[in-house]
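Spelled out from the first residue to the last, the chains are:
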Amino acid sequence: MFKREVQTVADILAKCLREGGLETPLMQRRAIEAWEKVAGPIATRYTGEKFIKNQTLFVKILNPALRSNLSMSKSQLLANINAEVGCRVIVDIRFY
């Protein structure tokens, strides 16, 4: 009888993503999608485009008062987004 190495589907999928170089873009996409949950419904209503460049999340905020309020709580937002994703994907958040 042969001894087989049994792996879960999640392990195999993670290995394939890592080997294909798709793990980081997937985590970045999850971080962008986590913005709505972390920031809340009011901030989401005044949010424009969101994108990641060089491990920095750029978020367009349409309300200047909300932009200054969010910039004061930047470190908490950063920690919550990374916790939501499950790894440290984002290093900085920039509001414009």
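Right, let's walk through the structure included here. (Residues numbered from 1 in each chain as written. Predicted model: local features only at pLDDT ≥ 70, side-chain atom pairs only at ≥ 80, totals over all residues. Heavy atoms only, no water.)

1. Looking at the overall build of the protein
Then step 1. Regarding its fold elements, the protein presents five helices and three strands.
Then step 2. Whereas a compact globule of 96 residues would reach a radius of gyration of roughly 12 Å, the protein reaches 17 Å, over 25% beyond that.
Then step 3. In terms of overall dimensions, the protein has a C-alpha envelope of 70 × 20 × 20 Å along the principal axes.
Then step 4. For the protein, the proportion of its 96 residues judged to be buried stands at 28%.
Then step 5. When contacts within the protein are restricted to residue pairs at least 6 apart in sequence, long-range pairs at least 24 apart make up 52% of them.
Then step 6. Surface summary for the protein: the accessible area is close to 6,900 Å², and the carbon and sulfur share equals 55%.
Then step 7. Taken as two groups, the 15 positive and 9 negative side-chain charges of the protein have centres that lie 5 Å from each other. (Helix = DSSP H or I, 4+ residues; strand = E, 2+ residues; numbered from the N terminus. Rg over C-alpha atoms; globule rule 2.2 N^0.38 Å. Buried < 20%, exposed > 50% of the residue type's maximum accessible area, 1.4 Å probe, protein only. Contact = heavy atoms within 4.5 Å. Areas by Shrake-Rupley, 256 points an atom, 1.4 Å probe, with all protein chains shown as cover. Lys, Arg positive; Asp, Glu negative; His and termini not counted. Charge placed at Lys NZ, Arg CZ, Asp CG, Glu CD.)

2. Considering the packing of aromatic side chains
Given two aromatic rings, one states the distance between the centres and the angle between the planes to describe the pair.
Then step 1. Tallying each qualifying case throughout the model produces three aromatic pairs.
Then step 2. Ring-pair connections join several aromatic residues into one group, and the members of that group are F51, F58 and Y96. (Phe/Tyr/Trp six-rings, centres within 6.5 Å; stacked < 30°, edge-to-face > 60°.)

3. A few points about helix α5 (residues 74-85)
Then step 1. End to end, α5 covers 17 Å across 12 residues, agreeing with the expected 16 Å (1.5 Å per residue, within 8%).
Then step 2. Buried within α5 we find L77, L78, I81, N82 and V85. In an axial view of α5, the angular spread of the buried residues amounts to 130°, which keeps them on one side of the axis. Facing away from the buried side of α5 by over 90 degrees, the exposed positions are S75 and A83.
Then step 3. Along its buried surface, α5 packs onto α2 (23-39), β2 (56-61), α4 (64-72) and β3 (92-95).
Then step 4. Positive backbone phi, approximately 105°, marks G86, located one or two places after α5. (Expected span 1.5 Å × (residues − 1). Arc of directions from axis to C-beta.)

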